[in-house]
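Architecture at a glance
These are the residues of each chain, in order.
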Amino acid sequence: MAFSFSKIRSSKAGRTLAAVLAAATLLGSFAACGSKANASDKLQKADGSSTTQITVGVCPGPYGDMVKEVIAPLLKDKGYELTTQEFTDYVQPNKALASGSIDANLFQHGNYLKKFTADNNLDLTSLGQTPTLGLGIYSNKYKSVDEIPDGATVSVSSDASNLARSLDVLRQAGLVELSGDTDATKATVDDITSNPKNLQIKTMDAAQLARSLDTVDFSLVPGNYAWDANLDPESALALEDQTEGVMEVFVVRTSDVNTDFATKVKDLLVSQEFKDAIANSRFASFGKPSAWGDDASSDSSSSASATGSASSSASASATESASSSEDKESSSSSK
């Protein structure tokens, strides 16, 4: 015998069940709100009498190491003890932060943050940039861009912002041309107007790019995954010109940007003590934030020379672009 939902609701048992379900839903909503509220409360220290535990979401690569080796020691003196939680993709760190299960993250560049938050309706904000290892062109078969043969296969990240970023690096290296009215942060393979080497472009999850080097001719690997795979930037066929949008950013929930923790992080990221700590760390050769002023511009010349050494055909344009791109703002493409 079949029963309709309306009949169940009209019965006493049905009304009781409906009330229980409604209460459970309401409690779930309160729990989610409470989780965010509790997470936010601890970022607002009343005094320096105790150390507050902070969890920072990271992906495999240098930025988790940067948190542990440089940022955490400096913030411990300011009353915060940082630990990291590692995620294996570019999706979960932002969702975990938005839900309140972590307190901050450092794994993505500004262009990616902008697109991901817009696509997923998340309210997250950057507190500032950190030194960044740029995306590079890597190969197990070739030593320069000029050696890449006709019909070569290339693997690139499948997420939209990093795909656009990779296509722009191919353009910088002279391997493709993009439509003149294309936004470099939103480009797709359909925007390629010239592909003189008839490159066969394969898209895949960014975490798989370094591993794909055994099966493709070359790959465009974001800095964090290149670091995790022990790929030496000095061996890259070319490195990207690091504009504002591809610098890594330290992120919190927008509701937390004025907390004591966020204020201390913002101040730290442009402080001389942070610059000095980076200079004496494994991350000294990374591209520097434009907010560092002279420190950033002096570093761009070394980045340009690393890029230029990879390919004589790309050398002049890479050097010119690197010296001028530090002050340009591109609105995220990781990571």
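A brief look at the structure comes next. (Residues numbered from 1 in each chain as written. Predicted model: local features only at pLDDT ≥ 70, side-chain atom pairs only at ≥ 80, totals over all residues. Heavy atoms only, no water.)

1. Section: the sheet that holds strand β2 (residues 80–86)
If you walk across this open sheet you meet the 5 strands as β2-β1-β3-β12-β4, and the pairing is mixed. Two strands lie at the open edges of the sheet, namely β2 and β4 (124–129), each paired on one side alone. Taking the axes of each pair of neighbouring strands and ignoring which way they run, one obtains an average angle of 35° across the sheet. Of the pairings in the sheet, the one linking strand β1 (residues 52–58) to strand β3 (residues 104–109) comprises 2 bridges and is parallel in character. Note that in β3 the partner of G57 across the bridge is N105. (Pairing = 2+ DSSP bridges. Helix = DSSP H or I, 4+ residues; strand = E, 2+ residues; numbered from the N terminus. Axes fitted to C-alpha atoms, helices over the stretch in contact; angles between N-to-C directions.)

2. Comments concerning the pairing of β2
A regular strand places its side chains on the two faces of the sheet in alternate fashion. Of the pairings in the sheet, the one linking β1 to β2 comprises 7 bridges and is parallel in character. Across the sheet, V56 pairs through a bridge with T84, a residue of β2. At this point the chain moves from β1, through helix α3 (residues 62–76), to the parallel β2, and the crossover so formed is right-handed. (Right-handed = clockwise from strand over helix to strand, strands pointing away.)

3. Examining unusual backbone geometry
Glycine aside, the phi torsion of most residues is negative, and most peptide linkages are trans. Of note, N121 is a non-glycine position whose phi angle comes to about 55°, a positive value. Tracing the backbone through its elements, the reader meets N121 in the loop between α5 (110–120) and β4. Overall, N121 belongs to the exposed group, its relative accessible area being 71%. Even without being a glycine, N230 presents a positive backbone phi close to 60°. Secondary-structure assignment places N230 in the loop between α7 (223–228) and β11 (238–239). According to the relative accessible area criterion, N230 is exposed, its value standing at 71%. (Buried < 20%, exposed > 50% of the residue type's maximum accessible area, 1.4 Å probe, protein only.)

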